[in-house]
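The residues making up each chain are set out below.
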Amino acid sequence: MLDGKFLDRHAKVLFPLPAVLFTLALMVFPVLYTLWVSFTNWNLASGLPPRFVWFKSYATVFAEPRFWGAFVRTLYFTGIAVAAETVLGVVWALVLNREFVGKRTIKAMMLLPLVATPVAIGIAWTLFYEPTIGIANWALKLFGLQGSRWIADPDFVLPALAIIDVWQWTPLIALITLAGLAGLSQEPYESARVDGANGWQIFWHITLPMVAPAVLTAVLLRSIDALKTFDIIYSTTQGGPGFASETLNIYSYNLSFNYFRLGQAAASLVFLFALVLSFSALVARLRRRLGL
Amino acid sequence: MKKIAGKLVFALLVLFIVIPVAFPLIWILMSSFKTQVDITASPPRWLFEPTLQNYEKVFREQDFLKFFINSTIVGVSATLVSLALGLPAAWSIARFKQTKLNLLILVARIMPGIALLLPWFLIFSRLGLIDSYTALVMAHVILGLPLVVWIMSSFFEQVPLEIEESARVDGATRQRTFLSIILPISSPGVVTATTLSFLFSWNNFMFSQVLSMERTRTLPIAVYNFVSYAEIDWGAVMAAAVVIIAPAIVLTMFFQKYVIRGLTMGAVKG
């Protein structure tokens, strides 16, 4: 029955079947399970069996200032990191968008932060940020500026972490924008030059609109990942000092694996998932609306 | 004159990109060869006598070879499974325009890892699979599979339909056509997908942090555990960082064309 002919005739179903079954078992089922847990008061530390409590876990979580703090920090971190990456990435791409000796080497070099293990990077930056022996304060002093406590300063920890994210991911936006720039047609440029447009006008009215879809894709990919940032934060501050760098991802992790308040953890995870999903849908719709 | 000035300005601009990108990695590498005295010196020392003692510590006192092997086992297995599941699915999605399937698998890319990790932890605990390679590999396939499908479906879309049809006229089955014609033409895509899914597994921290213990501990966890000591041995930590980052970089440099293509694909595809 399961000979070559059978597979041939039903390829449309059988080829994707293993991947679909795997995804159902390891993704769809777990998500439904999380959804169920979020409606219970399951607490592993209490040792009691989970009880179905409808939205009580959500109510508990939403009543916690710590949750809303984490929510705001998630948006703040994502906002500053992705904004800086986008501006820098596009500028880098514009600088590098020409033929020159060593271009391939530089593109290869930009891959390095992208593939370097985030945990190791986070730990290394802990040394860079060390107030007395770190290179970061040394650099500040070089420019006559006062040293900072960086990730040990509750008011500065999120920007300091965003700097690590910017270091790691600006190359991605630059490379995607470069790929977008490489695919642009030369025609509008020629006619603009004939019409006597200056460099800034050409950039603003021709390059930017044409490369916008590529940049927007990069921003979407980055935002989705930045909202979920875990490794960099966990390996440097674990959400501290205090809760000053606790984002939703870290908060949910702590609820799950440090406090074992599974019902509440699941509720907060459902919220995070909804946040990421609605953000993706929003960007997709925005793109269609703008006709990009 | 003006031309030379222009070139100088350009070179300067390029330096403003290159230095910030490269410096942190160079500093990690330099620090990994410093003694504790050199590393804790203030201001930081640029010139020092290099030592191998940090690497000795990483491999002698800590069992880094074992963690290295664990990471390799998990990375290679997860990549192979991702390819075995993802390649036929990607072809089917491209060939039959199964956009809903595509969407399902891409949701895995968007999903926050912890939303899966919590149920996995509960289920794998019940099945006695915590600290098993099986659980770790399955978790890492959720990283690799969406990548393989995402990258390969766009490669398969570019294979002209005539090639497939002429093979079928000659009496070849779909699976035969897929294995002996379509896959070989799409080999650049396969290299891209393979490299990226291995890297994603190699670098993954969160899944292993919860699902692995003593036996299956992977490198990212081992590096992380280094800093949980009271007095941080910075030199050894930096050596450990080099041990985990270096293979990722070597692999990337070897396949750089493919990695760039894979990472920037979204832009062209839209």
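Everything numeric in this text was worked out from a predicted model, so none of it was measured. (Residues numbered from 1 in each chain as written. Chains lettered and ligands numbered in written order. Predicted model: local features only at pLDDT ≥ 70, side-chain atom pairs only at ≥ 80, totals over all residues.)

Examining the interface of chain A and chain B
At the junction of the two partners, chain A supplies 75 residues and chain B supplies 75 residues. Per element, the largest residue contribution to the side of chain A that touches chain B is 11 residues, and it comes from helix α3 (residues 17-38) of chain A. Residue classes in the side of chain A that touches chain B are distributed as 57 nonpolar, 13 polar and 5 charged. (Contact = placed C-beta atoms within 7 Å. Helix = DSSP H or I, 4+ residues; strand = E, 2+ residues; numbered from the N terminus. Nonpolar A, V, L, I, M, F, W, Y, C, P; charged D, E, K, R; others polar.)

Section: unusual backbone geometry
Going from Gly240 of chain A to Pro241 of chain A, the amide bond is cis rather than trans, its omega being -5 degrees. Tracing the chain through its elements places Pro241 of chain A in the loop between α12 (231-236) and α13 (248-257). The backbone of Trp54 of chain A sits at a positive phi, close to 55 degrees, despite the residue not being glycine. Checked against the element boundaries, Trp54 of chain A lands in the loop between α3 and α4 (56-62). We classify Trp54 of chain A as exposed; it has 9 C-beta atoms within 10 Å. Positioned with a positive phi, Asp131 of chain B is a non-glycine residue whose angle comes to about 65 degrees. Following the sequence through the fold, Asp131 of chain B ends up in the loop between α6 (113-126) and α7 (133-157). (Buried ≥ 20, exposed ≤ 12 C-beta atoms within 10 Å, placed from the backbone.)

Observations concerning the nonpolar core
The biggest cluster of nonpolar side chains holds 162 residues, and the ones touching the most others in it are Val223, Ala240 and Ala241 of chain B. Among the elements that line this core, the one with the most residues is helix α9 (residues 157-182) of chain A, at 18 residues. Here this core spans two domains, and each of domain 1 (1-34) and domain 2 (65-290) of chain A adds at least three residues to it. Excluding its chain neighbours within four sequence positions, the residues that come into contact with Val223 of chain B are Val119, Ala120 and Ile123 of chain A together with Ala240, Ala241 and Ile244 of chain B. (Core = buried A, V, L, I, M, F, W, Y, C linked by C-beta atoms within 7 Å. Domains from an automatic or database assignment.)

Regarding the packing of helix α14 (residues 262-290) of chain A against α6 of chain B
Packing of α14 of chain A against α6 of chain B brings their axes to within 9 Å, and their N-to-C directions diverge by 150 degrees. In this view, α14 of chain A runs roughly antiparallel relative to α6 of chain B, as classed from their interaxial angle. For the pair α14 of chain A and α6 of chain B, the crossing hand works out as left-handed. Each of Leu262, Ala265, Ala266, Leu269, Leu272 and Phe273 of chain A in α14 of chain A lies in contact with α6 of chain B, whose residues at this interface are Ile114, Ala115 and Leu118 of chain B. Counted by class, the contact of α14 of chain A with α6 of chain B contains 9 nonpolar, no polar and no charged residues. (Axes fitted to C-alpha atoms, helices over the stretch in contact; angles between N-to-C directions. Parallel < 35°, antiparallel > 145°, perpendicular 65-115°, else oblique. Left-handed = near helix turned anticlockwise from the far one by under 90°.)

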